[in-house]
Amino acid sequence: MENRPLVFKTSCLLHVFVGSVFVTGLVGCSNSIKELQTLIIRETAETRQEVIHFRVAGVGVDSDASQCVTLGDSHPVVLQSEGDVIVGGLFPLHYEASEPEHTYHSKPPTTPCTGFDQRAFRWLMTMVFAVEEINHSSVLLPGVTLGYRITDSCDNVHNSLRALFPLISSSIPLTNQLRKREATENTSTIFFERVQSVEVTTAKAGNVTTYSKEQEFRTTWSETNACLSGSPVSAVIGLASSSPTRAVAQALGPFSIPLVSYFATCTCLTDKRMYPSFLRTVPSDIFQVRGLVQLVTFLGWRWVGTIGTTDDYSQYGIQSFSAQFQKQGGCVAFHLTIPKSPTLAEIQEMADRVQRSAARVVVVFATEGQLLDLYFELVQRNVTHLQWVASEAWVTAALLTLPHFHSLLEGTLGFSFPGVNIPSLENFLLNIHPSAEPGMEFINMFWEDQFGCKLHFEEDGSIKNVGDVNLRGLNAFGSNPEIQNASSAEQESFFNRDSFAETPFCTGFENLSLTGSSYTDVSRVRISYNVYKAVYAIAHALHALLNCDSAEQNEKSCDKHKQFTSEQLLSHLKLVNFTNKFGEKVCFDSNGEPVPLYDIINWQKDKHGKMRFVTVGSYDGSVPLGRQLQLNQSNIIWTEGHTEVRLNYFIICITIHFVRFSDSTLFLTVQVPVSLCSEPCPPGNRQARRKGEPQCCFDCFPCADGEISNETGSAECIKCPESYWSDEKKVKCVAGIEEFLSFKDSMGIILVALTLLGVVLTAVIIVIFHRFRTTPIVKANNSEISFLLLLSLKLCFLCSLVFIGQPSVWTCRIRQTAFGISFVICLSCLLVKTIVVLLAFQTKLPGSRALKLFGPSQQRIMIVFTTAPQVCLCAGWLLWAPPFPFRNSAYQASTRKIVVECKEPWPPGFCLVLGYIGLIASVCLLLAFLGRKLPDTFNEARLITFSMLIFSAVWISFIPAYISSPGKFSVVVEIFAILASSFGLLLCIFGPKCYIILLHPERNIKKCVRSKNSR
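Here goes a summary of the coordinates provided. (Residues numbered from 1 in each chain as written. Predicted model: local features only at pLDDT ≥ 70, side-chain atom pairs only at ≥ 80, totals over all residues. Heavy atoms only, no water.)

Further remarks concern the packing of aromatic side chains. This model, assessed by the stated rule, comprises 36 aromatic pairs. Where Phe 121 meets Phe 446, the ring centres are 4.9 Å apart and the plane angle is 20°; that geometry is what we call stacked. Placement of the pair is Phe 121 in helix α2 (residues 118-135) and Phe 446 in helix α11 (residues 441-451), with a sequence separation of 325 residues. Note on Phe 823 and Trp 955: the rings are 5.9 Å apart at their centroids and 85° apart in plane angle, and the pair reads as edge-to-face. Residue Phe 823 is located in helix α19 (residues 809-843), and its partner Trp 955 is located in helix α24 (residues 940-964); the two are separated by 132 residues in the primary sequence. The residues Phe 823 and Trp 955 share a single accessibility class, namely buried. Each member of the aromatic cluster is reached from another via a ring pair, and the members are Phe 91, Trp 123, Tyr 262, Phe 263, Phe 415, Phe 417, Tyr 598 and Tyr 619. (Phe/Tyr/Trp six-rings, centres within 6.5 Å; stacked < 30°, edge-to-face > 60°. Helix = DSSP H or I, 4+ residues; strand = E, 2+ residues; numbered from the N terminus. Buried < 20%, exposed > 50% of the residue type's maximum accessible area, 1.4 Å probe, protein only.)

Okay, structure coming up:
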């Protein structure tokens, strides 16, 4: 190891001390100060200074000697073995530990750990197995023996730090006589040593110094040894939980001692500035969270609850899951945080919230030990309707697979690491036995927990055999303090076993192969496999560091005498890249992360009633998004409503859904549980979020007319394209039915018939007038103007036909132009005739020459001049903003039809055309009204007055009727106005004349026409 300045060593050590005051194995390093009584750390800010005093009492350091002094007289149990390179290990062999109470006036007491975890013990033994396997390998690290130091972290921060310092310092040296592993085929003799009388061999000088239990522990430092920087442990494998891992990684980081975790998945550990020497063989939670979000959303669960604890693993995982889940449209119904030491009232309150919630799916980020109390309470309440989604921390925890939990946890889904079957591991695990020899404490603890008995050793070290031994296997969890304090009735209800009032003694010859537990179940190990990969990763890094493949090493052995630093080992460990015997590529990215691979596990009972972890899918975070999640839903067993149906001696677990047909055949189908705050809105509806509630809680409202939603759970309705309309169910857009005044419509046929009638009548009158053009009644009414008037009336009748039929570009342009010009010509003729009548009366007065001045030529000119403004107006209208065909969907909501009409982009154009017609008609009406009492027998002014009254009444009533008429009926109103006014003019002006010409020809003489009194 390389030397570090002593000041740096002291500051680093104190930095760790501030974070864990309760570490009893802390080592104080000497400096040039005679007596270290008070350490003052000053932190200067811009405006103030804070002085924090830390007092370390009773530490006297000789200024003349560079040395470390242990603070404490107790050391944790350590499993260790000799080796050229030592690898440390931290495993949570116990899952419960009380919080220490610090008075800061005396040394903190040792906090005992309870609740032995057999699965963690298997992880520990897997590390030992991997080290032994590497030591027997002639390919990996030839000539180099790996050793180990392994201790219990108790799965919490303060115990992990307390175990760390003796592990990596020289305060727990190897024994003076390094015991070697017995050369048996598949087993190894493991020794645990408490420091009582030990010998320490320094790394450089090889000096041996013996200390007794009563002596003060002191270790002489050489040039390369000083506290943590002179650690005999080259790398550490651990830990299981994220919070203890953060504390240990932060302590080891300044010394570049590699820490390789097999189970700490918190995303926070990817921060290389905070944890520069941290790596792991387990993927980060960021990938697990992405997978869990994809799994939950894929199964249609939008309303879920979350349960976590106070540690970093849980808090980071729940926070990340909630954020990503909400981005995918999901909502968290509730979140429960389990305290470190929950009271009965807190457990009951959490169980109440779980039961009250409408969420049927609960996502849990915690370890099995942290969940026991809550699950016990839920089982007592017979809660069976919840679908549990587990994180990798407990998805394969055998502690929760007891029959007591089957009703609650059967059907649990979760992510786990890929599992393998490690050859020879099972035989290695089964060949252990308890012993009274020092260092066998862990095995003895496991033995007592496994068989529910108590070991009692004689003075000679043999096991005392007292009475029968009760082999109760996995049902023995007497180390749980809650169970220890429970009554016999409660214990029976929890475990379905006899009281623990009298614990039998162990014989030491119990057969592990006859038991079924998380320790012996190695059919498909997962976390143990991560431990296995961590050991091999360190071995491959050492293999490269020690030049084991160098050509200079002729004897196929490593340069075991090469000195290296922890920084060098860390740099080689980051570059590790190999494929193990299971075909998996082991490597680390820039953040020290492995390839993110997961199995999706489903908890299912086998035919023997035992809970099994069945792989029903996979998740690969390294592939594109659409291919990451692979799930076989047909193999999943859900939590609630399962039944066992025996068909051909196979057990099929299904959710019952009955479908009965006429032949009475019964079909059973699997149904995924539903967890929603509100049922998804069916197609044709949209979701409207309830005020003050999460986005998953909503009401359903039908889409508006012209809008659709063709998917279940649509948040918004989609507007149909132009010329399309929503169907009755609002699920699809259908082409709108085009509506216009067709020649085939009954209304169109009637209007066409009236138009033709008007044209025929006009033609007949023209023929009559032409036949009798020489008669006085025709000549007296200015036959030329009469023929022009009849022609314009025919145009008026004919122009109504342009309004019938499907509008086109040309019909839209012609219809209003033809209507406006033909009616202006007609009214101009009437105006001229009215003026002629008035002037004719004036000519009978003496000296009047008015009629002579308004001759035929002037009459023609006046018609042209009165028509010209309308022609110019229509021409400008057509050139500036011509009407065009338009599909009007404004009436689709009520009629479900699209009206095809002519749209005037410049509405004032039609108003001006109609207004000019009204102006001419008003002038004509005024003049005719003035000449209504002229003394002619056949007073044409009276007829014009009457016809103008009809014309004006029709067009005045036309305006409101036209505006209020929907769709094609506006066209009908306009055609009716054209026909009505045309018939009014035709019949009122020419009807009486035809009557006289045809029925009373005797009155068609000059005398009668000029007679004043005859009728």
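Further notes follow.
Here the focus is the pairing of strand β20 (residues 387-390). Regular strands place their side chains on alternate faces of the sheet. Burial along β20 is two-sided: Gln 387 and Val 389 facing one way and Trp 388 and Ala 390 facing the other are all buried. Direction of pairing for strand β19 (residues 361-364) relative to β20: parallel, over a ladder of 4 bridges. The residue bridging Val 362 from the neighbouring strand is Trp 388, located in β20. On the question of chirality, the crossover connecting β19 to the parallel β20 by way of helix α8 (residues 368-380) is right-handed. Where β20 meets strand β21 (residues 413-416), 2 bridges bridge the pair, whose relative direction is parallel. Paired with Ala 390 across the two strands is Gly 414, which belongs to β21. (Pairing = 2+ DSSP bridges. Right-handed = clockwise from strand over helix to strand, strands pointing away.)

The next subject is the side chain of Gln 628. Note that Gln 628 resides in the loop between β25 (611-620) and β26 (629-631). We classify Gln 628 as buried; its relative accessible area is 9%. In terms of polar contacts, Gln 628 uses its side chain to reach the side chain of Gln 294, at 2.8 Å. The contacts of Gln 628, once residues within four sequence positions are left out, are Gln 294, Ser 618, Tyr 619, Asp 620, Gly 621 and Val 623. (Polar contact = N/O pair within 3.5 Å; in protein donor to acceptor, adjacent residues only side chain to side chain. Contact = heavy atoms within 4.5 Å.)

Packing of α24 against helix α25 (residues 969-999) leaves a shortest axis separation of 9 Å and a crossing angle of 175°. Considering the angle they form, α24 stands roughly antiparallel to α25. For the contact of α24 with α25, the residue count by class is 18 nonpolar, 4 polar and 3 charged. (Axes fitted to C-alpha atoms, helices over the stretch in contact; angles between N-to-C directions. Parallel < 35°, antiparallel > 145°, perpendicular 65-115°, else oblique. Nonpolar A, V, L, I, M, F, W, Y, C, P; charged D, E, K, R; others polar.)

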